[in-house]
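# Structural overview for review
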Amino acid sequence: MDFLRPASWEEALAAKAEHPTAVPIAGGTDVMVEINFDHRRPEYLLDLNRVGELHEWEAGEDSVRLGASVPYAKIMEHLRAELPGLALASHTVASPQIRNRGGVGGNLGTASPAGDAHPALLAAGAEVEAESAARGARRIPIDDFYTGVKRNALAPDELIRAVHVKKADGPQQYSKVGTRNAMVIAVCAFGLALHPETRTVRTGIGSAAPTPVRARAAEEFLNAALQEGGFWDNGKVITPSVAKQFAQLCSAACNPIDDVRGTAGYRRHAVGVMARRTLTWTWESYRGARNASKGAA
Ligand SMILES: Cc1cc2nc3c(=O)[nH]c(=O)nc-3n(C[C@H](O)[C@H](O)[C@H](O)COP(=O)(O)OP(=O)(O)OC[C@H]3O[C@@H](n4cnc5c(N)ncnc54)[C@H](O)[C@@H]3O)c2cc1C
């Protein structure tokens with residue numbers, strides 16, 4: 001196995017162009033497990049750790065450009081205000097050691113339906129910045145990124161440079177079911193983001209379908225119910241029937257399997273429970289902020 005160690009982004013792209021089968025390695029928390037268990041024996045490993053810019057982030061007016069290798073620990077420490085959903089999801093990943101190494105670029109590279117970043121990225125709205133030496137850079141909307149079980153939209157000669165995630169304009173939540181509280185791959189997970197600026201909600205479901213998915217019918221239902229009831233303006237408590245219907249539609253968006261971590265039926269049920277809870281939590285916090293600002297006015 002040859003080990004390629006580019007010192008810059010341009011060198012990394014050139015190496016990937018020359019050796020399209022080279023496997024990039026960032027934190028190595030997925031790649032090394034596969035190599036150690038002999039599930040994968042690549043001819044070339046492409047070490048991205050000398051490409052400093054992949055570890056950096058930049059908060060713009062509307063979005064954060066997150067370098068592909070920024071580890072979860074940094075997201076939790078520095079981007080809690082801008083990306084609360086992703087910061088909460090990062091908290092649930094593995095252990096401090098893994099959170100110091102692993103990052104969103106690796107999660108996207110693996111594209112496991114159980115990856116914790118995905119529901120948060122779907123709910124917030126994100127774009128993956130991918131680049132190849134031959135065709136330059138392109139932005140892939142997160143909705144188009146996941147193409148199958150552990151498959152993504154990257155071409156063989158492409159690398160992920162960064163992820164652009166919309167800054168939160170309202171409350172966000174992330175909820176995960178596992179067999180214990182830490183060091184656990186999701187049985188299923190749910191991300192929810194309220195977007196008061198556009199008066200919309202977005203969801204993300206993990207580990208309950210072949211790919212991470214949004215519950216689009218549930219979003220449409222809730223958007224219409226909040227609009228019709230004037231909820232964004234009057235800040236009223238969401239009625240139990242609306243919350244129930246939203247939860248049922250989120251369950252219906254799942255297409256899960258039975259496996260060692262849980263049954264399909266349990267996953268559908270749990271996603272509904274998490275949908276209802278995260279809706280309650282985010283809406284309460286939206287109402288709290290809204291009422292506080294009204295009181296102060
Ligand atoms: C003990 C343990 C517990 C874990 N628990 C969780 C958990 O709770 N939740 C969770 O989501 N994950 C978990 N994981 C999986 C892993 O930590 C995450 O998927 C992590 O985000 C991977 O990031 P990384 O930088 O280590 O990726 P790497 O292992 O370096 O790479 C992962 C994949 O992405 C590709 N890749 C990396 N960077 C790029 C790039 N810039 N461009 C293109 N492709 C790239 C690699 O080629 C590879 O296919 C766990 C892993 C371990 C070992």
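Up top is the structure these notes are about.
Read on for an overview of the structure. (Residues numbered from 1 in each chain as written. Predicted model: local features only at pLDDT ≥ 70, side-chain atom pairs only at ≥ 80, totals over all residues. Heavy atoms only, no water.)

This brings us to the site of the ligand. In the vicinity of the ligand, 34 residues are found, and the nearest of them are Pro 24, Thr 29, Asp 30, Tyr 72 and Asp 116. Contact between the ligand and Tyr 72: an oxygen atom at 2.6 Å from a side-chain N or O atom of the residue. A total of 980 Å² of accessible area belongs to the ligand in isolation, and the protein chains cover 90% of it. When residues of the shell around the ligand are traced back to their parent elements, those giving at least two are strand S2 (23–25), helix H2 (31–36), helix H5 (96–101), helix H6 (104–110) and strand S10 (159–166). When its residues are assigned to classes, the shell around the ligand shows 18 nonpolar, 11 polar and five charged. (Near = heavy atom within 4 Å. Polar contact = N/O pair within 3.5 Å; in protein donor to acceptor, adjacent residues only side chain to side chain. Areas by Shrake-Rupley, 256 points an atom, 1.4 Å probe, with all protein chains shown as cover. Helix = DSSP H or I, 4+ residues; strand = E, 2+ residues; numbered from the N terminus. Nonpolar A, V, L, I, M, F, W, Y, C, P; charged D, E, K, R; others polar.)

Within strand S13 (residues 200–206), six of the seven residues are buried, which leaves the element mostly enclosed by the surrounding structure. Where strand S12 (residues 188–195) and S13 come together, seven bridges link them in antiparallel fashion. Its bridge partner being in S13, Gly 191 is matched across the sheet by Gly 204. If you look at the hairpin formed by S12 and S13, you'll find four residues sitting between the two strands, and Arg 199 has a positive phi there, around 55°. (Buried < 20%, exposed > 50% of the residue type's maximum accessible area, 1.4 Å probe, protein only. Pairing = 2+ DSSP bridges.)

Quick look at helix H9 (residues 216–228) now. The first and last C-alpha atoms of H9 sit 18 Å apart over 13 residues, in line with the 18 Å expected at 1.5 Å per residue. Those residues of H9 that fall on the buried side of the exposure criterion are Ala 218, Glu 219, Leu 222, Asn 223, Ala 225 and Leu 226. At the exit of H9 stands Gly 230, carrying a positive phi of roughly 65°. (Expected span 1.5 Å × (residues − 1).)

When you line up the elements, Leu 192 lands in strand S12. Taking the C-alpha atoms as reference points, Leu 192 and Arg 180, 12 residues apart in sequence, are found 22 Å from one another. Beyond its immediate sequence surroundings of up to four residues, Leu 192 is in contact with Ala 123, Pro 171, Gln 172, Gln 173, Arg 202, Thr 203, Phe 246, Thr 278, Leu 279 and Thr 282. (Contact = heavy atoms within 4.5 Å.)

That's the geometry; what it means functionally is another story.
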